Amino acid sequence: MKYHLIIAFIFIATSVSIAQNDSTIHELNEVIIKENRMEIPFSKSSRNISIIHRKDIETAPARSLQEILSFTPGLDVRQRGVSGVQADIGIRGGSFEQTLMLVNGIKLSDPQTGHHMVNIPVPLASVQRIDVLKGPASRIYGQNAYAGAINIITELPESFNLQAGLYGGDFGMRGGSLQVSLPIGKFKQSLAISHDASDGHWHNSDYSIHTIFYEAGIDLNDFQELKTILSYANRDFGANGFYTSSFPDQYESVQTGLAAISHTLEKGNTYLQSRAYWRSNKDEFLLKRNDPSFFQNQHTTNVYAIEINGRQETNFGTLGYGVEGRQEKIDSNNLGLRERTIMGAFLEHRTNFSQHGDIRAGLYSNYYSEYGWKHFPGAELGYQLNPWLRTYANFGVSFRIPTYTDLYYVGPTNIGNDMLEPEKAVNYEAGFKLSKNGFRAELVYFNRHTDNLIEWTREDPEEPWKPQNFNEVTFQGLETGFQYRFESTQHNFQLREVSLSYNYIDANLIEKEGMETRYSLTALKHQLISGLQLAFKENIELTAKMRYIERMSLDPYFLLDARLDFNRLKKFSFFAEVSNISNTDYIEAGTVQMPGRWARGGMNFRLK
């Protein structure tokens with residue numbers, strides 16, 4: 001451990017020493033955080049938000065969304081194998097069930113299980129930006145945004161664009177992608193397809209993933225727009241160690257589809273968006289890959305939803321409002337034939353006070369066919385101490401209803417509990433945000449308390465796991481970090497970016513005597529992430545990422561990844577990347593042994 005930490009500090013010290021030799025910096029463009037109702041400049045937000053830009057996606061030593069997110073401070077990404085064939089994502093000590101995933105504001109939660117949360121039917125080539133909102137987001141997005149929300153953002157290009165890529169690597173890894181944008185007058189459209197496959201890094205860990213994503217939009221006039229999304233993803237994979245080590249030949253096949261249509265009106269001080277969408281998910285699980293009759297689960301879920309969101313600029317600030325209706329259905333040989341109805345209403349207001357402060361407060365009221373009405377208030381307060389330093393605090397109530405797996409699952413190692421109640425948490429956050437020239441830094445304290453956490457437990461190791469509304473648990477922690485970006489110079493060797501973040505989480509779990517818990521005490525405790533990007537002349541870029549991860553009750557580990565790009569922005573480009581350079585022996589989820597040092601490389605073609 002000491003050896004790994006020494007490497008980390010040398011890594012950062014070297015970066016800073018190089019930085020001191022290059023004082024030319026530039027202002028970062030302001031980013032607008034687009035929620036479903038409010039649009040707030042990043043610098044004026046009173047929340048802890050991480051933004052992953054397109055350049056960060058292209059240069060990261062990663063080929064999947066899950067791998068990209070693993071470099072984000074405060075996120076606990078637990079992959080089962082390489083390339084994120086399946087992964088769970090927690091925020092600030094929360095479980096994978098407590099994070100909400102979205103695509104352009106469309107909620108992708110699955111009523112069957114949170115294990116399908118990151119089955120995003122969008123190729124990485126289509127992702128333009130990722131907004132990670134840490135802390136309670138129920139007031140903004142509704143239930144299941146318990147510990148935070150991750151919004152995947154795509155955009156429709158204004159001009160013709162063609163990109164294609166191929167790659168290969170260890171473990172028989174291979175894949176390719178194609179994206180083409182072809183606007184015709186006011187009609188814009190983009191199509192992307194991708195394929196990723198591998199023979200697996202150990203027994204029964206092969207996978208094959210196909211994704212297709214189509215997005216189109218048309219400007220009806222100067223203030224109205226119509227958009228649609230059609231997407232589909234198919235994942236087939238060996239699941240050795242995913243859910244239990246007792247059966248090494250587990251297998252799973254998952255198909256996820258998304259169809260959405262939206263209309264946007266923006267005229268003067270009025271913004272109004274109406275949206276309807278359908279998400280489907282089919283999941284087949286075999287306990288023995290070549291013997292379906294031994295134990296087989298087949299689940300089909302369908303989610304139908306309609307939303308209307310709006311905002312109005314007034315003399316007293318910005319008023320946000322919205323309503324939604326949602327129906328969730330499942331047809332399963334294990335969980336049964338079930339459905340639930342969810343309705344909700346949003347109301348919030350943001351206004352300025354004095355010349356430097358602003359306050360935002362609101363309420364989301366939800367009706368569940370199983371649990372009745374629930375209400376989630378929240379408020380944010382921000383104050384601009386000077387043009388480049390902001391302090392803020394916020395409060396919010398978050399909520400999550402049990403999945404159908406929580407309630408009704410029956411299997412050899414897991415049994416559901418149909419007496420579960422929804423879990424609820426009270427959250428507090430306070431911090432400072434600094435942004436000046438090319439330098440950004442943030443210091444945040446957070447606290448999340450609940451007395452009815454849903455946790456899988458057992459009293460005897462020979463018994464199956466069963467979820468219960470557990471006793472009290474408080475997660476509190478400290479997040480700090482900085483990022484420094486440099487302007488290009490005429491020097492052949494340049495330092496372009498350096499970053500460092502540290503996150504500490506303390507979980508005060510009041511356990512029942514003799515009770516073993518499955519997830520609560522495996523949350524992140526210490527997380528150190530640093531990044532460095534160098535460039536040689538104008539066509540060679542080197543990006544390195546270092547992570548030190550220590551989870552509660554688990555062994556810590558150190559990872560170092562790097563990627564080299566040649567001609568990244570030119571017509572033909574090439575890349576090579578190495579993951580786990582430190583050759584660390586580690587496990588992120590289940591009993592899946594992650595691979596040691598491995599590499600991949602490829603080429604890309606782009607035409608504009």
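Right, let's walk through the structure included here. (Residues numbered from 1 in each chain as written. Predicted model: local features only at pLDDT ≥ 70, side-chain atom pairs only at ≥ 80, totals over all residues. Heavy atoms only, no water.)

A few points about the layout of surface pockets
Right, so step 1: Each pocket or cavity is described by its volume, and for the second largest pocket that value is around 930 Å³.
Right, so step 2: Forming the walls of the second largest pocket are 35 residues, and the residues nearest its centre are K34, E225, K227, Y271 and Q273.
Right, so step 3: Counting only elements with at least two residues in the lining of the second largest pocket, the list comes to β1 (32–34), β9 (148–154), β14 (224–238), β15 (251–267) and β16 (270–286).
Right, so step 4: Here the lining of the second largest pocket is composed, by residue class, of 10 nonpolar, 11 polar and 14 charged. (1 Å grid on protein atoms, 1.4 Å probe; cavity = no way out; pocket = protein on both sides within 12 Å on 5 of 7 lines; lining within 4 Å. Points joined across faces, edges and corners; volume = space filled by probe spheres on them. Helix = DSSP H or I, 4+ residues; strand = E, 2+ residues; numbered from the N terminus. Nonpolar A, V, L, I, M, F, W, Y, C, P; charged D, E, K, R; others polar.)

Things to note about empty space enclosed by the protein
Right, so step 1: Evaluated as defined, the whole model comprises 15 cavities of 30 Å³ or more.
Right, so step 2: Along the walls of the largest cavity sit 41 residues, with S50, I51, P73, Q483 and S499 positioned nearest its centre.
Right, so step 3: Each residue belonging to the lining of the largest cavity can be placed in one class, and the counts come to 17 nonpolar, 15 polar and nine charged.
Right, so step 4: Looking at the second largest cavity, it is lined by 41 residues, and the ones nearest its centre are R63, P123, L124, A125 and S177.
Right, so step 5: At five residues, the largest contribution of residues to the lining of the second largest cavity is made by strand β10 (residues 161–169).
Right, so step 6: Looking at the lining of the second largest cavity, its residues break down into 17 nonpolar, 15 polar and nine charged.

As for the nonpolar core
Right, so step 1: One finds L65, L69, I130 and I150 to be the most contacted residues of the largest nonpolar core, which totals 35 residues.
Right, so step 2: Elements with a contribution of two residues or more to this core: α3 (65–69), β4 (75–79), β5 (87–91), β6 (99–103), β8 (127–134), β9 and β15.
Right, so step 3: What L69 contacts, discounting residues up to four positions off in sequence, is I52, L75, V77, I89, I130, V132 and I150.
Right, so step 4: Formed by 20 residues, the second largest nonpolar core is a distinct cluster that contains F247, F285, F376 and V397. (Core = buried A, V, L, I, M, F, W, Y, C linked by side-chain atoms within 4.5 Å. Buried < 20%, exposed > 50% of the residue type's maximum accessible area, 1.4 Å probe, protein only. Contact = heavy atoms within 4.5 Å.)

What about the pairing of β14?
Right, so step 1: Bridge count for strand β13 (residues 207–221) against β14 is 14 bridges, and the pairing is antiparallel. By the bridge assignment, I218 is partnered in β14 with L226. (Pairing = 2+ DSSP bridges.)

Purely spatial values, then, with no claim about function.
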